[in-house]
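Notes for the structure review
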Amino acid sequence: MLNAARAQGFDVVVAAIKEEAFPEIENKGASAVHWLSLGELSKLIDTFKAEGVTRAVMAGQVKHKQIFSSIKPDWRLAKLLLSLGTRNTDSLLGAVAKVLADEGIMLENSTAFLEPLLAKTGVLTKRAPTEQERKNIEYGRAVARHLAQYDVGQTVVIAENACLAVEAMEGTDATIARAGEIMRSMEGDSTLSRALTVVKIAKPNQDMRFDVPVVGVKTIEVMRQAGASCLAVDAGRCLLLDGQEVIKAADDADISVWAG
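Residues numbered from 1 in each chain as written. Predicted model: local features only at pLDDT ≥ 70, side-chain atom pairs only at ≥ 80, totals over all residues. Heavy atoms only, no water.

What follows concerns the overall build of the protein chain. Counting its regular elements, the protein chain contains 8 helices and 12 strands. What you see for the protein chain is a C-alpha radius of gyration of 19 Å, in line with the 18 Å of a compact globule of 260 residues. Dimensions of the protein chain, computed from C-alpha atoms along their principal axes, come out at roughly 60 × 40 × 30 Å. Counting only residues that meet the buried cut, the protein chain has 44% of its 260 residues in that class. The contacts in the protein chain between residues at least 6 apart in sequence include a share of 69% that link residues at least 24 apart. (Helix = DSSP H or I, 4+ residues; strand = E, 2+ residues; numbered from the N terminus. Rg over C-alpha atoms; globule rule 2.2 N^0.38 Å. Buried < 20%, exposed > 50% of the residue type's maximum accessible area, 1.4 Å probe, protein only. Contact = heavy atoms within 4.5 Å.)

See below:
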């Protein structure tokens, strides 16, 4: 995100979250890097105002479970949290976006500088999904879309039209790994195919400013370790974070990647 914005001539100010961001962000050519805790919403606003920032883009991940961590919210974030009916991603980040907007800082689509990395429609790897994998995709997308209505998670793992794992706060990679463990625990007892299909979707009314589905090389490696043979994503609404490296890793692992 930083490199893409700089390539388009923008000066970039980074607000790096201490609990999440890698220290290497300091060396990526930003005009300034400010470190702050996840709970410091007021400091974030003050920092942006001091730097003259009026447009902001979210990049990277904040683990959902951080809501229940030991991080202490400042008065502004505490007030925001108390106002929420539910503490899912959309309600929390949507409220943060509104607070920023009220302060003259507009949150833009997180894909604004990353359009080339959005998954294109069709088979993206050398190998197309098999007939069984296509059935898994069809069933998995139906299940995932129902779950996504409630902003529970965006990933399900399917084997022979059976749902092995559903994503919640643990994140995509942990969900895939758990599905692999479940399958291994049934060694010798299950009549299910051992090949897992991972289905990752956008929400029905996906807000492109935040929580856009992302797949990286690490996801492919976790799939390989779990025994997953196919990945399905939403075309135009899922970022392949490492670009062609994701496809190369999938081809090397004989994993089919499909977007539709």
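We are not done yet, so read on.
As summarised here, the arrangement of the 6 strands in space is E5-E12-E10-E8-E6-E7, forming an open sheet in which the pairing is mixed. Looking along the sheet, the strands with just one partner apiece sit at the ends: strand E5 (122-123) and strand E7 (162-166). Across 4 bridges, strand E8 (residues 196-200) lies against strand E10 (residues 228-233) in parallel orientation. Looking across to E10, one finds that Val 199 is bridged to Ala 232. Together, E5, strand E6 (155-159), E7, E8, E10 and strand E12 (256-259) form the strand contacts of helix H5 (residues 131-148), whose direction differs from that of E6 by roughly 145 degrees. (Pairing = 2+ DSSP bridges. Axes fitted to C-alpha atoms, helices over the stretch in contact; angles between N-to-C directions.)

This brings us to the pattern of salt bridges. Taken as a whole and judged by the stated rule, the model has 16 salt bridges. The partner of Lys 43 in a salt bridge is Glu 40, with the nearest N and O atoms 4.0 Å apart. Close ionic contact of Arg 127 with Glu 133 constitutes a salt bridge, the shortest N to O distance being 3.0 Å. Judged by its relative accessible area of 6%, Glu 133 falls in the buried class. (Salt bridge = Lys/Arg side-chain N within 4 Å of Asp/Glu carboxyl O.)

For H5, built from 18 residues, the straight-helix expectation of 26 Å at 1.5 Å per residue is met to within 8% by its first-to-last C-alpha distance of 25 Å. Listed as buried for H5 are Glu 133, Asn 136, Ile 137, Gly 140, Arg 141, Val 143, Ala 144 and Ala 148. Looking at the buried side of H5, the elements it contacts are E6, E7, E8, E10 and E12. (Expected span 1.5 Å × (residues − 1).)

This part covers helix H6 (residues 172-185). Helix length check: H6, at 14 residues, gives a terminal C-alpha distance of 20 Å against a target of 20 Å (1.5 Å per residue), a fit within 8%. Within H6 the residues assigned to the buried category are Thr 172, Thr 175, Ile 176, Ala 179, Gly 180 and Met 183. Around the axis of H6, the buried residues are gathered within 140 degrees of arc, so they sit on the same side. More than 90 degrees from the buried face of H6, the exposed residues found are Glu 181 and Ser 185. (Arc of directions from axis to C-beta.)

Turning our attention to the environment of Leu 240. Structurally, Leu 240 can be placed in strand E11 (residues 239-240). Leu 240 gets classed as buried once you look at its relative accessible area, which sits at 7%. Along the backbone, Leu 240 and Ala 119 are 121 residues apart, and their C-alpha atoms lie at a distance of 6.3 Å. Not counting residues within four places of it along the chain, the set of residues in contact with Leu 240 comprises Leu 117, Ala 119, Leu 124, Val 215, Val 246 and Ile 247.

A few words now on the side chain of Lys 200. Summarising the element assignment, Lys 200 is placed in strand E8. Reaching out from Lys 200, the side chain makes a polar contact with the side chain of Thr 155 at a distance of 3.4 Å. Beyond its immediate stretch of four places on either side in the chain, Lys 200 contacts Gln 154, Thr 155, Glu 167, Thr 172, Pro 213, Val 214, Val 215, Ala 232, Val 233 and Asp 234. (Polar contact = N/O pair within 3.5 Å; in protein donor to acceptor, adjacent residues only side chain to side chain.)

Right, let's talk about the pairing of E6 for a bit. In terms of burial, E6 is a largely internal element, 5 of the 5 residues being buried. Alternating positions in E6 separate into two faces, Thr 155, Val 157 and Ala 159 on one and Val 156 and Ile 158 on the other, with burial throughout. With 4 bridges joining them, E6 and E8 adopt antiparallel strand pairing. Bridge pairing links Val 156 to Val 199 in E8. Bridge analysis of E6 against E7 gives 4 bridges, and the strand direction is antiparallel.

Note on backbone geometry: most residues besides glycine have negative phi, and most peptide bonds are trans. The backbone of Asn 161 shows a phi angle near 60 degrees, a positive value even though the residue is not glycine. Of note, Asn 161 is situated in the loop between E6 and E7. With a phi angle near 55 degrees, Asp 254 is a residue other than glycine that sits in the positive phi range. Mapped onto the fold, Asp 254 is located in the loop between helix H8 (244-252) and E12. We classify Asp 254 as partly exposed; its relative accessible area is 47%.

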